[in-house]
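Okay, here's what each chain looks like letter by letter:
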Amino acid sequence: RQQGCGQQERGEEEGKDEGEVGRRLINGGRFDESSPWLFAKPTPIASTDQTLKALSVQQASPGGLSMKIDSNVSAIVTGGASGLGEGTARMLRAKGVKVAILDMQEERGKAVAQEIGAFFHTCDVTSEASVDAALAAARAANGQERLLANCAGIAPGKRMISKNKETGALIAHDLAHFAKVVNVNLIGTFLITAKSAVGMASLDPVDADGQRGVIVN
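Bear in mind the structure is a predicted one, so any value in this text is a computation, not a measurement.

Trainee: Looking at this structure, how should I read the side chain of S130?
Mentor: Within the secondary structure, S130 sits in helix α5 (residues 128-142). A distance of 2.8 Å separates a polar side-chain atom of S130 from the backbone nitrogen of D124. Apart from residues no more than four positions distant in its own chain, S130 is found in contact with T122, C123 and D124.

Next comes the structure, spelled out in structure tokens:
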């Protein structure tokens, strides 16, 4: 899902109540051009093409276009060592963006980073200390990110009910396995999103609406 990173709280927009602001954000199609925020409606991202389109959307404003995807922009891609994350990192680098790949797969991550000219740092998105260290290293290398693409995640296949082959007893899906998925995909995404948003909020806005960055989940 996509969201803009302006510094002002959405519900506190001058002259607008929370209900009206919420309706403007979610009403209509993927993007609500009447909204002062870059991204209007949270939309699932299923491919590298969709990710790049989400990152590349530019909205007309009184001062011109909101943000361009080029060599002046720094981006962080979690899970960038493979799959959707790798594809996103490659596409951003092809546009000149300074990319930092954060991933648990150190060997693969370093290889991809070296090939495309990106920065790599190991990162466990479920660990606050690991996220802090990875963001600090990425910012030291490329500067404060204006883009964050959250592609880190796991999708282990397991049935809700399985059967013991020896006894025939039915076994419920174990809680620890499910909790791990939630910890990585939900809590991990939240953690690095919050940390990145704080950094983006410290940047100067790129337009009259106060846009400072973009986060894609």
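Trainee: What is the right way to look at the packing of helix α3 (residues 83-94) against helix α4 (residues 106-116) in this model?
Mentor: Any two packed helices are characterised by the angle at which their axes cross and by the distance between the axes. Two elements in contact, α3 and α4, have axes whose closest approach is 10 Å; the angle formed by their N-to-C orientations is 20°. Looking at the two axes, α3 sits roughly parallel to α4. Taken as a pair, α3 and α4 cross one another with a handedness that is right-handed. Together, E86, A89, R90 and R93 of α3 and R108, V112, E115 and I116 of α4 make up the contact between the two elements.

Trainee: In this structure, what is going on with the side chain of E86? I would like to understand it.
Mentor: Within the secondary structure layout, E86 lies in helix α3. Judged by relative accessible area, which is 12%, E86 ranks as buried. With residues near it in sequence (within four places) discarded, E86 still touches G79, G80, A81, R108 and V112.

Trainee: Mind showing me how you'd approach the pattern of salt bridges here?
Mentor: One side chain can pair with another of opposite charge once the charged atoms of both are near each other. All chains considered together, the criterion is met by eight salt bridges. The shortest N-O distance in the salt bridge between R90 and E86 comes to 2.9 Å. Of this pair, R90 and E86 both sit in helix α3, four residues apart, which is roughly one turn of that helix. For the salt bridge of E115 with R90, the shortest nitrogen-to-oxygen distance reads 3.1 Å. Of this pair, E115 sits in helix α4 while R90 is found in helix α3, placing the two residues 25 residues apart along the sequence. For E115, a relative accessible area of 57% translates into the label exposed. The network of salt bridges with common partners includes E86, R90, R108 and E115.

Criteria and cut-off values
- Residues numbered from 1 in each chain as written.
- Predicted model: local features only at pLDDT ≥ 70, side-chain atom pairs only at ≥ 80, totals over all residues.
- Heavy atoms only, no water.
- Helix = DSSP H or I, 4+ residues; strand = E, 2+ residues; numbered from the N terminus.
- Polar contact = N/O pair within 3.5 Å; in protein donor to acceptor, adjacent residues only side chain to side chain.
- Contact = heavy atoms within 4.5 Å.
- Axes fitted to C-alpha atoms, helices over the stretch in contact; angles between N-to-C directions.
- Parallel < 35°, antiparallel > 145°, perpendicular 65-115°, else oblique.
- Left-handed = near helix turned anticlockwise from the far one by under 90°.
- Buried < 20%, exposed > 50% of the residue type's maximum accessible area, 1.4 Å probe, protein only.
- Salt bridge = Lys/Arg side-chain N within 4 Å of Asp/Glu carboxyl O.

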